[in-house]
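# Geometric and topological summary
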Amino acid sequence: LAKHPEIKALMKPDYNLIWVVVLMVLAQLTAFYLVKDLDWKWVIFWAYVFGSCISHSMTLAIHEISHNSAFGNSKAMWNRWFGIFANLPLGLPYSISFKRYHMDHHRYLGGDGIDVDIPTNFEGWFFCTRFRKFMWIVLQPFFYAIRPLCINPKPITRLEIINLLAQLSFDVVIYYLWGVKSTFYMLAGSVLGLGLHPISGHFIAEHYMFLKGHETYSYYGPLNLLTFNVGYHNEHHDFPNIPGKSLPLVKKIAAEYYDNLPQYNSWIKVLYDFVMDDTISPYSRMKRQLKGEVKQD
């Protein structure tokens, strides 16, 4: 910032995010209606080909919203309510809990017992062969859901209860209006999109140490168009208050800080390398023993 003070001008909400999220919700509602009378094989096909992409993209929209990128820090609660709205087409309550744990990830990256992005000791011990690592990728949505309860359980908040009740109500309405196939499409899209899917390469690309001494990596490939530039991950951790839309400008302005860092251009290759490289496993993360006072959401 001392060298490039113009970066401060990028620290403002991205109001376009609001309209993008609304359109994504409407797109999924349209899809729920269109699949209600299809054969099961086509429901499954479209859940993976289309629904999974929208669902995973929506989780990254929720990631943006968790950083108050939609309405700004001055309207934090507006962001929380909007996150609950964005959560609806995923079928599973996610937004409020994600925000609480994700802030810990930024404050205490790699913090043992705090950062639930770090796999458990069991994951590192068991998923150590190529086949098991492949299955670990398939099952990632389940580990991301269960891991916080194992590593760092937190008291349930009022907003989390509201998130849960709103989600259950939405799911019941979808089932009542359009039946089991639409409900299956919604839930399957979320599970498939966060598991064995090209976009899921970002889970591993972000912080797994393929090179010793480098614990965070950026990805500059085309899937950033679907993921609110979450691939610009070094830039994001340096400036978490800058919306994803503006992260390419951060890289352009401060190119000397980012261009020579290790980087990726393919999330699919990251997934392949993770499975096939016997030196890489869920253990391949930087873990820190935190000292001093720890403040959590």
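Read on for an overview of the structure. Keep in mind that this is a model prediction, so the values were computed, not measured. (Residues numbered from 1 in each chain as written. Predicted model: local features only at pLDDT ≥ 70, side-chain atom pairs only at ≥ 80, totals over all residues. Heavy atoms only, no water.)

### Some details on the overall build of the protein chain
- The helix and strand inventory of the protein chain stands at 14 helices and two strands.
- The C-alpha atoms of the protein chain give a radius of gyration of 19 Å, which matches the 19 Å a tight globule of 297 residues would have.
- Overall, the C-alpha framework of the protein chain stretches about 55 × 45 × 40 Å when taken along its three principal axes.
- Each of the 297 residues in the protein chain was classed as buried or not, and the buried ones make up 52%.
- Pairs at least 24 residues apart make up 76% of the contacts formed inside the protein chain by residues separated by at least 6 positions.
- Accessible area of the protein chain: about 14700 Å², with a carbon and sulfur share of 67%.
- Side chains of the protein chain carry 27 positive and 23 negative charges; the gap between the two charge centres is 2 Å. (Helix = DSSP H or I, 4+ residues; strand = E, 2+ residues; numbered from the N terminus. Rg over C-alpha atoms; globule rule 2.2 N^0.38 Å. Buried < 20%, exposed > 50% of the residue type's maximum accessible area, 1.4 Å probe, protein only. Contact = heavy atoms within 4.5 Å. Areas by Shrake-Rupley, 256 points an atom, 1.4 Å probe, with all protein chains shown as cover. Lys, Arg positive; Asp, Glu negative; His and termini not counted. Charge placed at Lys NZ, Arg CZ, Asp CG, Glu CD.)

### Concerning the packing of helix 2 (residues 40–66) against helix 3 (residues 76–87)
- Packing of helix 2 against helix 3 leaves a shortest axis separation of 9 Å and a crossing angle of 175°. Relative to helix 3, the element helix 2 is oriented roughly antiparallel. Contact residues: helix 2 offers Met58, Ile62, Ile65 and Ser66, while helix 3 offers Asn79, Arg80, Phe82, Gly83, Ala86 and Asn87. (Axes fitted to C-alpha atoms, helices over the stretch in contact; angles between N-to-C directions. Parallel < 35°, antiparallel > 145°, perpendicular 65-115°, else oblique.)

### Details of the nonpolar core
- With 35 residues, the main nonpolar core has Val21, Met58, Trp136, Ile204 and Phe274 as its most contacted residues.
- Breaking this core down by element, the ones donating at least two residues are helix 1 (16–34), helix 2, helix 3, helix 6 (130–138), helix 10 (201–207) and helix 14 (267–276).
- Setting aside residues up to four positions removed in sequence, Met58 forms contacts with Val21, Met24, Val25, Ala86, Pro89 and Leu90.
- Among the nonpolar cores identified, the runner-up in size contains 11 residues, and Val43, Phe170, Tyr185 and Ala188 belong to it. (Core = buried A, V, L, I, M, F, W, Y, C linked by side-chain atoms within 4.5 Å.)

### A word on the layout of surface pockets
- Space inside the largest pocket adds up to approximately 1200 Å³.
- Lining the largest pocket are 42 residues, with Tyr94, Ser97, Phe98, Tyr144 and Ala145 sitting closest to its centre.
- At the level of elements, helix 2, helix 4 (95–107), helix 7 (140–151), helix 8 (158–178), helix 9 (180–193) and helix 10 are the ones that each hand at least two residues to the lining of the largest pocket.
- Take the lining of the largest pocket: its biggest share by element is eight residues, from helix 4.
- Considering only enclosed or pocket space, the second largest pocket measures out at about 280 Å³ in volume.
- Together, 16 residues line the second largest pocket, and Val20, Asn224, Leu225, Leu226 and Phe228 are the ones closest to its centre.
- The set of elements that each furnish at least two residues to the lining of the second largest pocket consists of helix 1 and helix 2.
- For the lining of the second largest pocket, a count of residues per class yields eight nonpolar, five polar and three charged. (1 Å grid on protein atoms, 1.4 Å probe; cavity = no way out; pocket = protein on both sides within 12 Å on 5 of 7 lines; lining within 4 Å. Points joined across faces, edges and corners; volume = space filled by probe spheres on them. Nonpolar A, V, L, I, M, F, W, Y, C, P; charged D, E, K, R; others polar.)

### Let's talk about empty space enclosed by the protein
- Evaluation of the coordinates by the stated rule reveals two cavities of 30 Å³ or more.
- Of the pockets and cavities examined, the largest cavity occupies roughly 40 Å³.
- Counting residues per element, the ones that place at least two in the lining of the largest cavity are helix 2, helix 3 and helix 4.
- Partitioned by chemical class, the residues of the lining of the largest cavity number three nonpolar, four polar and two charged.
- For the second largest cavity, the full set of lining residues is Leu109, Gly110, Ile118, His207, Glu215, Arg285 and Met286.

### Some remarks on helix 14
- Taken together, the buried positions of helix 14 are occupied by Trp267, Val270, Leu271, Phe274 and Val275. Angular distribution of buried residues about the axis of helix 14 spans 130°; they occupy a single face of the element. Exposed and oriented more than 90 degrees from the buried face of helix 14 are Ile268 and Tyr272.
- One side-chain oxygen at the N-terminal end of helix 14 lies 3.4 Å from the backbone nitrogen of Ile268; it belongs to Ser266. (Arc of directions from axis to C-beta. Polar contact = N/O pair within 3.5 Å; in protein donor to acceptor, adjacent residues only side chain to side chain.)

### Topic: the environment of Pro198
- Relative to the helices and strands, Pro198 is located in the loop between helix 9 and helix 10.
- With a relative accessible area of 29%, Pro198 lands in the partly exposed category.
- It is 16 Å that separates the C-alpha atoms of Pro198 and Lys133, two residues lying 65 residues apart in sequence.
- Residues in contact with Pro198, not counting those within four places in the same chain, are Tyr48, Leu223, Trp267, Ile268 and Leu271.

### Thoughts on the side chain of Glu235
- Residue placement: Glu235 occurs in helix 11 (residues 233–238).
- One buried charged side chain, Glu235, makes no salt bridge at all; its nearest oppositely charged neighbour is Lys251, positioned 5.8 Å away.
- Engagement of the side chain of Glu235 in a polar contact is seen with the side chain of Tyr220, the distance being 2.5 Å.
- Once you skip the residues sitting within four places of it in the chain, Glu235 turns out to touch Ser218, Tyr220, Leu247, Val250, Lys251 and Tyr258. (Salt bridge = Lys/Arg side-chain N within 4 Å of Asp/Glu carboxyl O.)

Everything listed is a geometric property; what it means functionally is a separate question.
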